[in-house]
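Coordinate inspection notes
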Amino acid sequence: MINHQLFLGLGSNLGDRAENIRKAVLLIQERVGEVVRQSSLIETEPWGFESDHPFLNGVILCETTLTPRQVLRATQKIERELGRKKKTTLLSHLSPLTSHLYSDRPIDIDILLYDDLTVNEPDLKIPHPLMHERDFVMIPLREIRH
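Residues numbered from 1 in each chain as written. Predicted model: local features only at pLDDT ≥ 70, side-chain atom pairs only at ≥ 80, totals over all residues. Heavy atoms only, no water.

With that settled, consider the packing of aromatic side chains. Following the criterion strictly, the structure yields zero aromatic pairs and no others. The ring of Trp 47 is capped by Arg 134, whose NZ or CZ atom sits 4.2 Å from the centre of that ring. Looking at Arg 145, its charged tip hangs above the ring of Phe 7, at a distance of 5.9 Å from the centre. (Phe/Tyr/Trp six-rings, centres within 6.5 Å; stacked < 30°, edge-to-face > 60°. Lys NZ or Arg CZ within 6 Å of the ring centre and 35° of its normal.)

This part covers the confidence of the model for the protein. Taken as a whole, the protein shows an average pLDDT of 89; of its residues, 88% reach a score of 70 or greater. Taken as a whole, residues 89-99 scores under 50 in pLDDT and shows 10 contacts with residues more than four places along the chain or in a different chain. (pLDDT = per-residue confidence, 0-100. Contact = heavy atoms within 4.5 Å.)

Helix length check: helix 1 (residues 17-31), at 15 residues, gives a terminal C-alpha distance of 21 Å against a target of 21 Å (1.5 Å per residue), a fit within 8%. Residues of helix 1 that are buried: Arg 17, Asn 20, Ile 21, Ala 24, Val 25, Leu 27 and Ile 28. Along the long axis of helix 1, the arc covered by the buried residues comes to 170°, so they all point the same way. Residues of helix 1 that are buried make contact with strand 1 (4-12), strand 2 (33-38), strand 3 (42-44), strand 4 (55-64), helix 2 (68-81) and strand 7 (108-114). (Helix = DSSP H or I, 4+ residues; strand = E, 2+ residues; numbered from the N terminus. Expected span 1.5 Å × (residues − 1). Buried < 20%, exposed > 50% of the residue type's maximum accessible area, 1.4 Å probe, protein only. Arc of directions from axis to C-beta.)

Structure below.
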């Protein structure tokens, strides 16, 4: 089996944010692949929507044998198990920068990078298309990426 390098962005702004991320990392380790590196957690203001609840964000590096589609299924299942009610809504009639409706959430897991692969499907885009605009992704990613 080939191990692929997978960078995942993690965020939480509801409940015990650090504990939500800790639980997500444990489930990712169990179901997706070995967590090789984990960034520090940083507190940030919500991006793309208004909320009184700041986020804790971080990035992990996993080695996985799963395909990108399998990773997506596994991480979405983890999000649901940890209390996420809905995924971001895509509004295709709006411009790419304003086409998403974001909301508070106990956990968010985003696929940032998978090896050097590019995927452009309606529900799966790798590299993550907005990661370069988000300091809460780029700062922890730079911390653990060599």
